[in-house]
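Understanding the architecture of this molecule
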Amino acid sequence: MKAPLEGKVVLITGGARRVGAAICRRLHAAGASLMVHYRSSAGEARALKTELNALRAGSVALVQADLLKTAALAGLIKESVKEFGQLDALINNASSFYPTRVGEITEKAWDDLIGTNLKAPLFLSQAAARELKKSRGCIVNIIDIHAEFPMKNHVVYTASKGGLLTLTRSLARELGPEVRVNGVSPGTILWPDDDAWRDEVSRQRIINQTALKRIGEPDDIAKAVEFLIAAAPYVTGQVITVDGGRSVNIS
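Everything in this summary refers to the structure shown in the same document. Treat the numbers as computed from the prediction; the structure is a model and nothing was measured.

What counts and how
Residues numbered from 1 in each chain as written. Predicted model: local features only at pLDDT ≥ 70, side-chain atom pairs only at ≥ 80, totals over all residues. Heavy atoms only, no water. 1 Å grid on protein atoms, 1.4 Å probe; cavity = no way out; pocket = protein on both sides within 12 Å on 5 of 7 lines; lining within 4 Å. Points joined across faces, edges and corners; volume = space filled by probe spheres on them. Salt bridge = Lys/Arg side-chain N within 4 Å of Asp/Glu carboxyl O. Helix = DSSP H or I, 4+ residues; strand = E, 2+ residues; numbered from the N terminus. Buried < 20%, exposed > 50% of the residue type's maximum accessible area, 1.4 Å probe, protein only. Axes fitted to C-alpha atoms, helices over the stretch in contact; angles between N-to-C directions. Left-handed = near helix turned anticlockwise from the far one by under 90°. Contact = heavy atoms within 4.5 Å.

It is the rolling of a water-molecule-sized probe over the atoms that shows where space remains empty. Space inside the second largest pocket adds up to approximately 160 Å³. Around the second largest pocket, the lining residues are Arg136, Gly137, Gly176, Pro177, Glu178, Val179, Arg180, Pro233, Tyr234, Val235 and Thr236.

Before going further, it helps to examine the pattern of salt bridges. A full pass over the atoms with the stated rule returns six salt bridges. Linking Glu51 and Arg25 is a salt bridge whose minimum nitrogen-to-oxygen distance equals 2.9 Å. Placement of the pair is Glu51 in helix α2 (residues 42-55) and Arg25 in helix α1 (residues 18-29), with a sequence separation of 26 residues. Note that Asp219 and Arg26 form a salt bridge whose closest N and O atoms lie 2.8 Å from each other. Taken together, the residues span a long stretch of sequence, with Asp219 in helix α7 (residues 218-230) and Arg26 in helix α1 at a distance of 193 residues. The class of Arg26 is partly exposed, set by a relative accessible area of 26%. Sharing partners across several salt bridges, the network here consists of Arg26, Asp219, Lys223 and Glu226.

With that settled, the discussion passes to the packing of helix α3 (residues 73-84) against helix α4 (residues 107-135). Interhelical geometry of α3 versus α4 gives an angle of 40° and a closest axis separation of 8 Å. Between α3 and α4 the crossing geometry is right-handed. Judged by residue contacts, Leu73, Ala74, Leu76, Ile77 and Val81 of α3 engage Ala120, Phe123, Leu124, Ala127, Ala128 and Glu131 from α4.

In structure tokens, the structure reads:
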């Protein structure tokens, strides 16, 4: 049997670690060739490339870029096409996350969070549109349930992901009928790397809010992404929530 993504080329931002790496592994197992973007996680990126190319030679390449530098974004598309000859899917996965309390919000935090979480996906999608129209491909944006359910003390992050949700729906209208655009909104999948501000009691409170009473796994997000790329030809402008039922229990 032919693998569902055999012959497809996927560019994923922030693909070297955490949820991004899980998405890479699942899509690669489904037959895709990958252009994996990273900013500073060079060691993890090289290790992932070695791991996956050992399974299928020449199927994974790397590209480094600072997504805040808008002028560099078109280069990610050019490198993908140069390496693999085409582009079938773009996954806007890279994200910045940290608190921004009212009264302490800085322009630097605004530029970083809005730039990484909203501005970069917009300009990267715009740069990719021509190639994706050729391949009748798709875009998948990794959003967050807090785009619709604001998290206290995270004003700018919430605004950036709310914008990404709206961008997803708007781009679906703008880029159709050739290109499908959808999103995946994770709930609690992995605790943030820098999570010193949240104690164990706070973590348990979040877990208790889920209908399934547990956090998810990175592969839960990867499965939803694979579905949207490989098995949802009549789905566009939609957001799949993967949160163990937390969003139905947030008050």
